[in-house]
Amino acid sequence: MNILVLGNGGREHALCWKIKQSPKCKSLYCIPGNGGISSIAKCFVIDPRKKSDIYKFCIKYLIDFVVIGPETYLEQGLSDYLIKRNIAVFGPSKQASKLETSKVFSKQFMKKFNIPTAKYSKFTNFEKAKQYIDSNKGPFVIKVSGLAAGKGVLISTKSDEAIKNCYEILIQKKFGNAGNQILIEEYLEGFEISYFIYVDKKNYLPIDYALDHKKLFDGEKGPNTGGMGAFTPSNKINSEIEKKILKEIIDPTFQGLKKSNITYRGVLFLGLIVTNNGPKVIEYNVRFGDPECQVIMRRYKSDIIKDLKNVSNDKLNLSKLKKISEPCLCVVLTSKGYPLKFRKNILIKNLNKIQNKDGVEIFHSGTKKNMDKIFSSGGRVLTITATGKSIKIARKRVYSVLKKLNWKNGFFRKDIGK
Ligand code: AMP
Ligand code: GLY
């Protein structure tokens, strides 16, 4: 099969790496890809917002299957557009993507189907949001309803700070139209887990879970980021918690989709907080997580193309997932200054000295290749992954690579998986 992957992150590099191992994969293409993906796939720069250009590409290169990575392309209805023109796609429809692209929609969905989540109120009017904050106790979790590239959740313990946040979103339009509606949520205490399932029209199938470190600094301090590192599995998740997740969250979510006549075909990412009162949903995402995907792909043993095709053909019942028993851990190397201001186009000098051995695999995010040299081109730059007999061994392997890389423009957390 000729396969096209859309996206340019570490997530897409890991997907390409796994897809390339499938005996079904004849040629692999990626739009736009990055410096690492270009070593395993033919990369082309086409704007995915121009859906007809993507379609023309599929016709020209005889693409049999398109795998969509980022949620923004799904929100634009790229999956619907291609499927309508008989191109097979992995990635949910625009309607199904509302589970991620509208937090108001996903909250209403959870409420309707009794899926445990934080209590919330929704606002479009600043004065009303202010009144609510003035008459309640914090911490206040303020969320913009639309897509905000992982930056749309603001948590404040103090009311004046929460009011300022609401003002910036609702009046100053800090997030544009994505912030026309906001939610103010109850603060949930607990630990977070990212849980992934495949869903088709008739079935769902758990894939794996990972624990993601979202905060910039060690000890879960500093601002939120896209993710600074992840690992799987975790001894925090016992079979009792997993059973609860399946029974109280995943099953009702799938039944809710059916009852709402929403055909969902793709991966569903459940962002959960495990509280003393059990697991609760903080968000749905309609795609793999980054960097969670990187560790999950490292442990994925089955033929991924077979599984992705089964999802798109409503034949998920034919998939039986296998994963390696060794744990996997990853650390994200960012450009210094991320998630705010950072420099680009900096050579990652020692990268070609690192060999992917001892269970190590490096996935690229914001990189580009120039004359066989790799330069940084974004905030998150590389994800170093390693498997090992234990999380401790995997962690040691990852940090030893980071030490050898010794990239002066880089920053990474020192406590992933601790
Ligand atoms: P999200 O973009 O929804 O994943 O939220 C970003 C981060 O905000 C999450 O990873 C959590 O750390 C935090 N968060 C979101 N909702 C809540 C909540 N209701 N209570 C506590 N923390 C939350
Ligand atoms: N790492 C979290 C996400 O991809 O949204």
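Here's a quick rundown of the structure. Along each chain, numbering runs from 1 in the same order as the chain's sequence is written. As they are written, the chains are lettered A onward and the ligands numbered 1 onward, keeping that order. Residues qualify for local features only when their pLDDT is at least 70, as the model is predicted, and side-chain atom pairs are given and counted only at 80 or more; totals for whole chains, interfaces and linings, by contrast, use all residues. By convention in this description, side-chain values take in all heavy atoms of the structure and omit both hydrogens and water.

## A word on the packing of helix α1 (residues 10–20) against helix α10 (residues 292–299)
Each pair of packed helices can be summarised by the angle the axes make with each other and by the distance between the axes.
Part 1 of the argument: In this description, a line fitted to the C-alpha atoms serves as the axis of each element, helices being fitted only across the stretch in contact, and the angle between N-to-C directions of two axes falls anywhere from 0 to 180 degrees. Strands here mean DSSP runs of E at least two residues long; helices mean DSSP runs of H or I at least four residues long; both are numbered from the N terminus. Where α1 meets α10, the axes come as close as 8 Å, and the angle between the chain directions of the two elements is 15 degrees. The angle between α1 and α10 falls in the class roughly parallel. In terms of crossing hand, the pair formed by α1 and α10 is left-handed. The residues of α10 that touch α1, namely those facing Gly-10, Arg-11, Ala-14, Leu-15, Trp-17 and Lys-18, are Cys-293, Gln-294, Met-297 and Arg-298.
Part 2 of the argument: Its residues assigned to classes, the contact of α1 with α10 comprises five nonpolar, two polar and three charged. If an angle is under 35 degrees, it is roughly parallel; if it is over 145, roughly antiparallel; if it lies from 65 to 115, roughly perpendicular; otherwise it is oblique. By the definition used in this description, the sense in which the near helix is turned from the far one sets the handedness, with an anticlockwise turn below a right angle giving left-handed and a clockwise turn giving right-handed. Two residues form a contact once any of their heavy atoms are found within 4.5 Å. Just so you know the grouping, Ala, Val, Leu, Ile, Met, Phe, Trp, Tyr, Cys and Pro go in nonpolar, Asp, Glu, Lys and Arg go in charged, and all remaining residues, Gly too, go in polar.

## Some details on the site of ligand 1
Part 1 of the argument: Taken together, 16 residues are adjacent to ligand 1, and Glu-185, Leu-188, Glu-192, Lys-214 and Glu-283 come closest.
Part 2 of the argument: Within the backbone of Glu-186, a nitrogen or oxygen atom sits 3.0 Å from a nitrogen atom of ligand 1.
Part 3 of the argument: Pairs of N or O atoms within 3.5 Å make up the polar contacts considered here, provided that, within protein, one atom can donate a hydrogen while the other can accept it, and that residues adjacent in sequence are counted only when both atoms are side-chain atoms. One nitrogen or oxygen atom from the side chain of Glu-283 is found 2.6 Å from an oxygen atom belonging to ligand 1.
Part 4 of the argument: Note on areas: Shrake-Rupley, 1.4 Å probe, and residue coverage restricted to the protein chains presented here. Burial of ligand 1 by the surrounding chains reaches 94%, relative to a free accessible area of 470 Å².
Part 5 of the argument: When its residues are assigned to classes, the shell around ligand 1 shows eight nonpolar, one polar and seven charged. Being near a molecule or strand, for a residue, means having at least one of its heavy atoms within 4 Å of it.

## Description of the packing of aromatic side chains
Part 1 of the argument: Each pair of aromatic rings taken from Phe, Tyr and Trp, with Trp reduced to its six-membered ring, is defined by centres within 6.5 Å and is described as stacked if the planes are under 30 degrees apart, edge-to-face if over 60, and tilted in the remaining cases. All chains considered together, the criterion is met by 18 aromatic pairs.
Part 2 of the argument: An aromatic cluster is defined as three or more aromatic residues linked by ring pairs; in this entry it consists of Tyr-29, Phe-44, Phe-57 and Tyr-61.
Part 3 of the argument: Here Arg-85 stacks its cationic end above the ring of Tyr-81, 3.6 Å away from the centre of that ring.
Part 4 of the argument: Put simply, a charge is over a ring when the Lys NZ or the Arg CZ is close to the ring centre, within 6 Å, and near the line of the ring normal, within 35 degrees. Sitting above the plane of the Phe-412 ring, Lys-414 keeps its charged end 4.5 Å from the centroid.

## Points about helix α7 (residues 126–134)
Part 1 of the argument: Those residues of α7 that fall on the buried side of the exposure criterion are Phe-126, Ala-129 and Ile-133. Each buried residue of α7 lies within a common arc of 65 degrees when the element is viewed along its axis, so the set occupies one face. What points out from α7, more than 90 degrees from its buried face, is the exposed set Lys-128 and Gln-131.
Part 2 of the argument: Structurally, α7 contributes buried residues whose contacts are with β6 (120–123), β7 (140–144), α8 (159–171) and β9 (182–185).
Part 3 of the argument: N-capping of α7 is provided by Asn-125, with a side-chain oxygen placed 2.9 Å from the backbone N of Glu-127. Burial classes: relative accessible area under 20% of the type maximum marks a residue as buried, over 50% as exposed, and values in between as partly exposed (1.4 Å probe, protein chains only). Along the arc lie the directions from the helix axis toward the C-beta atoms.

## What to know about the nonpolar core
Part 1 of the argument: Residue types Ala, Val, Leu, Ile, Met, Phe, Trp, Tyr and Cys, when buried and joined through side-chain atoms within 4.5 Å, form a set referred to as a nonpolar core. Core analysis: the biggest nonpolar cluster contains 71 residues, and Leu-4, Leu-6, Val-66, Ile-193, Tyr-195, Tyr-284 and Ile-384 have the highest contact counts within it.
Part 2 of the argument: With seven residues, the single largest contributor to this core is helix α12 (residues 391–405).
Part 3 of the argument: Here Ile-384 is in contact with Leu-329, Cys-330, Val-331, Val-360, Glu-361, Ile-362, Val-398, Val-401, Leu-402 and Leu-405, once residues within four sequence places are set aside.
Part 4 of the argument: Formed by 37 residues, the second largest nonpolar core is a distinct cluster that contains Ile-207, Ala-210, Phe-288 and Tyr-300.

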